[in-house]
Amino acid sequence: MPKILRVKLTLDQEREVRERLRARDSAPHARLRLECSRLIARGMTVPQVADLLE
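Everything numeric here is computed off the predicted structure, so don't read it as measured data.

Engineer: Explain the overall build of the protein here, please?
Structural biologist: Per the secondary structure count, the protein includes 3 helices and 0 strands. For the protein, the succession of helices and strands along the chain, N to C, is α-α-α. Here the C-alpha coordinates of the protein stretch approximately 35 × 25 × 15 Å along the principal axes. Of all 54 residues assigned to the protein, the portion counted as buried reaches 15%. Carbon and sulfur atoms make up 53% of the accessible area of the protein, which amounts to about 4,900 Å² in all. Charged side chains of the protein number 12 positive and 8 negative; the gap between the two group centres comes to 3 Å.

Engineer: What am I meant to see in helix 2 (residues 28-41) here?
Structural biologist: It helps to recall that an α-helix has 3.6 residues per turn; residues three or four apart then point in one direction. Taking 1.5 Å per residue as the helical rise, helix 2 with its 14 residues ought to reach 20 Å, and the 20 Å between its terminal C-alpha atoms agrees with that figure. Those residues of helix 2 that sit buried are L34, E35, L39 and I40. One or two positions beyond helix 2, positive phi appears at G43, with a value near 110 degrees.

Engineer: Help me out: how do you make sense of unusual backbone geometry in this one?
Structural biologist: One can expect most non-glycine residues to show negative phi and most peptide bonds to be in trans. Backbone geometry places E54, a non-glycine residue, at a positive phi of 60 degrees. Relative accessible area serves as the criterion here: at 86%, E54 is assigned to the exposed category.

Engineer: Sorry if this is basic, but what is going on with the packing of helix 2 against helix 3 (residues 46-53) here?
Structural biologist: What describes two packed helices is the angle between their axes and the distance between those same axes. Running from amino to carboxyl end, helix 2 crosses helix 3 at an angle of 135 degrees, the nearest separation of the two axes being 10 Å. Judged on the interaxial angle alone, helix 3 and helix 2 are oblique. For the pair helix 2 and helix 3, the crossing hand works out as right-handed. Here helix 2 contributes L32, E35, C36, L39 and I40 to the contact with helix 3, which in turn contributes V46, V49, L52 and L53. By residue class, the composition of the contact of helix 2 with helix 3 is 8 nonpolar, no polar and 1 charged.

Criteria and cut-off values
Residues numbered from 1 in each chain as written. Predicted model: local features only at pLDDT ≥ 70, side-chain atom pairs only at ≥ 80, totals over all residues. Heavy atoms only, no water. Helix = DSSP H or I, 4+ residues; strand = E, 2+ residues; numbered from the N terminus. Buried < 20%, exposed > 50% of the residue type's maximum accessible area, 1.4 Å probe, protein only. Areas by Shrake-Rupley, 256 points an atom, 1.4 Å probe, with all protein chains shown as cover. Lys, Arg positive; Asp, Glu negative; His and termini not counted. Charge placed at Lys NZ, Arg CZ, Asp CG, Glu CD. Expected span 1.5 Å × (residues − 1). Axes fitted to C-alpha atoms, helices over the stretch in contact; angles between N-to-C directions. Parallel < 35°, antiparallel > 145°, perpendicular 65-115°, else oblique. Left-handed = near helix turned anticlockwise from the far one by under 90°. Contact = heavy atoms within 4.5 Å. Nonpolar A, V, L, I, M, F, W, Y, C, P; charged D, E, K, R; others polar.

The structure is reproduced here in structure tokens:
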């Protein structure tokens, strides 16, 4: 059974993640990592995020 990864973002961190996701100059792998972090912080599990983002 995989370990459960929990991420807690402050309001400032959530805002920064959203701003970076909106930026057009971010590298694709950086955008993917930001999106993964955002979804895990919202309560999704790693397998759920992996399924969602393929």
